[in-house]
Amino acid sequence: MPFVNCKMRKYLIIVMGTTLLISSCASGDRKQMKEVLGLKNMSELATSKYVVTKIIKANDNKTWYKAGDRKILMTCKATLVAGIDLSGITANNVEIEEKNISLTIPKAHLISIDIKPGDIRTAYEDISMFRSKFSSQEKNALASQAENQIKKSADSLGILTTAETNASLFLGSFLRQQGFEKINIQFIDNINKPFLR
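Residues numbered from 1 in each chain as written. Predicted model: local features only at pLDDT ≥ 70, side-chain atom pairs only at ≥ 80, totals over all residues. Heavy atoms only, no water.

### Things to note about the packing of aromatic side chains
Following the criterion strictly, the structure yields zero aromatic pairs and no others. The ring of F134 has R70 lying over it, and the distance from NZ or CZ to the ring centre is 4.1 Å. (Phe/Tyr/Trp six-rings, centres within 6.5 Å; stacked < 30°, edge-to-face > 60°. Lys NZ or Arg CZ within 6 Å of the ring centre and 35° of its normal.)

### A look at the pairing of strand 3 (residues 94–97)
Every second residue of strand 3 is oriented toward a common face, the buried set being V94 and I96 and the non-buried set E95 and E97. Of the strand pairs in this sheet, strand 3 and strand 4 (residues 100–106) are connected by four bridges, and their pairing is antiparallel. By the bridge assignment, E95 is partnered in strand 4 with S102. Counting the residues between successive antiparallel strands, the hairpin from strand 3 to strand 4 contains two residues, one of them, E98, with a positive phi of roughly 55°. (Buried < 20%, exposed > 50% of the residue type's maximum accessible area, 1.4 Å probe, protein only. Helix = DSSP H or I, 4+ residues; strand = E, 2+ residues; numbered from the N terminus. Pairing = 2+ DSSP bridges.)

### A look at the pattern of salt bridges
Pairing is possible between side chains of opposite charge, provided their charged atoms come close. Under the counting rule described, the total for this entry stands at three salt bridges. Between E138 and R70 there is a salt bridge; the shortest N-O distance is 2.7 Å. Of the two residues, E138 sits in helix 2 (residues 136–152) while R70 sits in strand 2 (residues 70–85), which places them 68 residues apart along the sequence. (Salt bridge = Lys/Arg side-chain N within 4 Å of Asp/Glu carboxyl O.)

Listed below in structure tokens is the structure:
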């Protein structure tokens, strides 16, 4: 057996202990990374739901070759769901350092807009004697126009901001359960862009 003095033995034990500690930390980080990347299995995380009513007004009174007025007022109730698409998360979007984690995820977007036929109602209709009523096709075209306007106004309604706030709360809770203490969640336009230090 080779000769090992006390000082050398102590140094070997410290080196071996450090190696074991580094190895266990690395495997711990890998396990945590795997848990975090498991979020991508949720794909679309719906975190906000709004119900809005849009008023639709239409008339073609100014048409010179048509005699009389024709006006309509409709209401359209829509259910909007917004959330975060987690399917694109990769290791580039996660930074783990002991009990600290930084996570970049996509900005919230409108997941769905649902307008049931029964939620489109005619509130008022004024048709002159020489004019025809609004057809089903015309009413459907007006409802479709209202749907597009609702989609465009989603950001100003606050649903996307609410979706991001709720996503932060949900993900923060999930990450604390994984043992993280300091959590930084950042929303970005391009999910393929890694976390900016």
